[in-house]
Amino acid sequence: VLLPWLPVYKVHAQTRALQRSKIRLPRAGKIGKIMAKFVVAGKVDCAAYARAELLADQLQSCLPDFHVHKVPVPSAEWAQWVREECEERGWVGHCGDVLVWRELVKRGGRGVYVGGVREFQDYASHYHNVTPLTDSVAERNIAEENRQTLEANQLEVESRTKPHPLRVAVTSASSFMAYHLLQRLALGDVFGDKLISLRLLDTPTHSDEVSGVAMEITDMASPSVESVHCTSSVKEAFQLASVVFVLEQWEDGGGDIQNGEEIEEAGGEDAERKEEEEEVRKNEDEGEREEDKEKEKDGGVKEEGEEKPGASETSSHLEEAATLYQKYGATLDFCAQKSVRVIVSGRLSNLGAAVIARTASSIPRTNIIAAPSLVEQRSKSVVAGKLRLNAADVEQVYNP
């Protein structure tokens with residue numbers, strides 16, 4: 001009572017501040033009495049929808065109880081969407097790229113039809129005394145921003161609903177065995193319609209061969225393959241792996257076989273030196289064999305402490321294989337999924353499966369299997385060649 005001018009002064013100050021920002025404020029008597037929720041829908045990349053958005057934001061900034069809900073609709077879906085919406089709410093004869101209606105707050109119902117962008121402008125001017133601000137450049141920018149935002153949201157929704165691919169790791173990816181297996185994986189012969197992500201593991205010296213294999217898989221354009229990644233890191237290859245194919249191949253005298261050849265050091269001099277050493281070793285072995293034959297003829301017996309030829313090489317060969325499989329098992333135990341399936345194939349598949357199962361203690365042993373069928377088939381072919389038979393006729397081959 002003593003200061004009757006105070007409320008009016010606050011309203012006038014607010015009015016002058018909003019006038020400076022080019023936004024017209026409604027009359028003071030209507031502030032606090034508006035309980036409205038407006039829904040503004042339209043084509044996402046339409047300038048008319050951007051104009052309706054600007055007007056809705058302008059009303060929401062002026063009126064404390066004015067609430068706006070925006071519904072951007074893709075242009076390709078707008079015609080069907082607006083038709084279904086009008087039929088559901090009982091509105092007939094609407095046309096245009098913008099649809100605005102008012103919903104009854106805390107009452108529900110089908111809402112009150114307002115119309116398009118022009119009817120929304122007339123409503124704001126008549127009931128709230130708000131003149132819309134027009135800026136064609138801003139409207140175009142808003143329309144483009146709405147389109148980009150909608151596309152980003154759609155991609156995010158698709159990524160959430162899209163099934164996660166199986167991570168499949170293949171070691172010795174440059175070998176012939178891996179080459180044929182990867183073709184089956186890409187064609188869907190192993191996992192069917194499931195999406196897979198391939199991790200190809202091999203040594204850095206075979207990076208070119210592995211890159212060529214990856215390029216061939218990519219050129220197949222198979223819908224089952226999401227991605228192909230080449231690496232020489234065991235940890236990177238086995239990270240969150242669902243299935244792991246261990247395809248290490250070892251020759252009789254030791255050494256990892258890649259593409260049918262022993263891994264050699266780079267450089268022509270080293271290769272020549274190795275060839276010379278190999279010839280010397282062969283000559284020595286032949287000499288030892290001849291001496292053994294002479295001893296047998298003479299009835300001589302080998303001493304108990306004397307080792308057989310090649311025994312040390314076989315021992316070092318097994319130690320090398322066991323060390324590699326221990327590394328695989330430890331990495332699988334730390335990086336791969338606990339439900340990972342491990343298939344070990346190659347000459348020492350039984351040894352590899354046993355070492356990996358012992359090292360990867362957190363993975364169920366039933367998930368680690370050996371597939372020595374390759375060794376069995378090779379043994380059948382050798383026996384069939386010696387006996388001059390068909391390999392299919394050879395059965396029950398035992399390979400110690």
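Scope of this entry: the structure provided in the associated data block. Because the structure is a prediction, the values reported are computed rather than measured. (Residues numbered from 1 in each chain as written. Predicted model: local features only at pLDDT ≥ 70, side-chain atom pairs only at ≥ 80, totals over all residues. Heavy atoms only, no water.)

### Remarks on a nonpolar patch on the surface
Stage number 1. There is a patch of nonpolar side chains on the surface, built from Val 383, Leu 387 and Leu 389 and spanning about 260 Å² of accessible area.
Stage number 2. Structurally, the position occupied by Leu 389 is in the segment after helix H12 (373–387). (Patch = residues over 30% accessible without salt bridge, like charges linked within 9 Å, V, L, I, M, F, W, Y side chains within 5 Å. Areas by Shrake-Rupley, 256 points an atom, 1.4 Å probe, with all protein chains shown as cover. Salt bridge = Lys/Arg side-chain N within 4 Å of Asp/Glu carboxyl O. Helix = DSSP H or I, 4+ residues; strand = E, 2+ residues; numbered from the N terminus.)

### Section: the pairing of strand E12 (residues 368–371)
Stage number 1. Bridge analysis of strand E11 (residues 341–345) against E12 gives four bridges, and the strand direction is parallel. What sits directly across from Val 342, in E12, is Ile 368.
Stage number 2. Note that the unit made of E11, helix H11 (residues 349–359) and E12 has a crossover that is right-handed. (Pairing = 2+ DSSP bridges. Right-handed = clockwise from strand over helix to strand, strands pointing away.)

### Brief notes about the sheet that holds strand E6 (residues 196–201)
Stage number 1. Here we have six strands laid out as an open sheet, ordered E7-E6-E5-E8-E11-E12, and parallel in their pairing. In the strand order of this sheet, the two ends are held by strand E7 (225–231) and E12, each with one partner. Averaged over all pairs of adjacent strands, the angle between their axes in this sheet comes to 15°, without regard to strand direction.
Stage number 2. Inspection of the sheet shows strand E5 (residues 166–170) paired to E6 by five bridges, in the parallel sense. Residue Val 170 lies in a different strand from E6, and its bridge partner there is Leu 200.
Stage number 3. Here helix H7 (residues 207–219) sits on the sheet in contact with E6 and E7, set at roughly 175° to E7.
Stage number 4. Sheet contacts for H11: strand E8 (243–246), E11 and E12; angle to E12, the most-contacted strand, approximately 170°. (Axes fitted to C-alpha atoms, helices over the stretch in contact; angles between N-to-C directions. Contact = heavy atoms within 4.5 Å.)

### Some details on the packing of aromatic side chains
Stage number 1. On inspection of all chains with the given rule, the structure shows eight aromatic pairs.
Stage number 2. For the pair Trp 78 and Trp 81, a centre-to-centre distance of 5.6 Å together with 25° between the ring planes defines the contact as stacked. Of this pair, Trp 78 and Trp 81 are both found in helix H3 (residues 78–89), three residues apart, which corresponds to roughly one turn of the helix.
Stage number 3. Residue class for Trp 78 comes out buried when judged on its relative accessible area of 4%.
Stage number 4. Under the relative-accessibility criterion, Trp 81 is labelled partly exposed at 22%.
Stage number 5. On the numbers, 5.6 Å between centres and 55° between planes, the contact of Trp 91 with Trp 101 is tilted. In this pair, Trp 91 is assigned in the loop between H3 and strand E3 (98–104) and Trp 101 in strand E3, connecting sequence segments ten residues apart. (Phe/Tyr/Trp six-rings, centres within 6.5 Å; stacked < 30°, edge-to-face > 60°. Buried < 20%, exposed > 50% of the residue type's maximum accessible area, 1.4 Å probe, protein only.)

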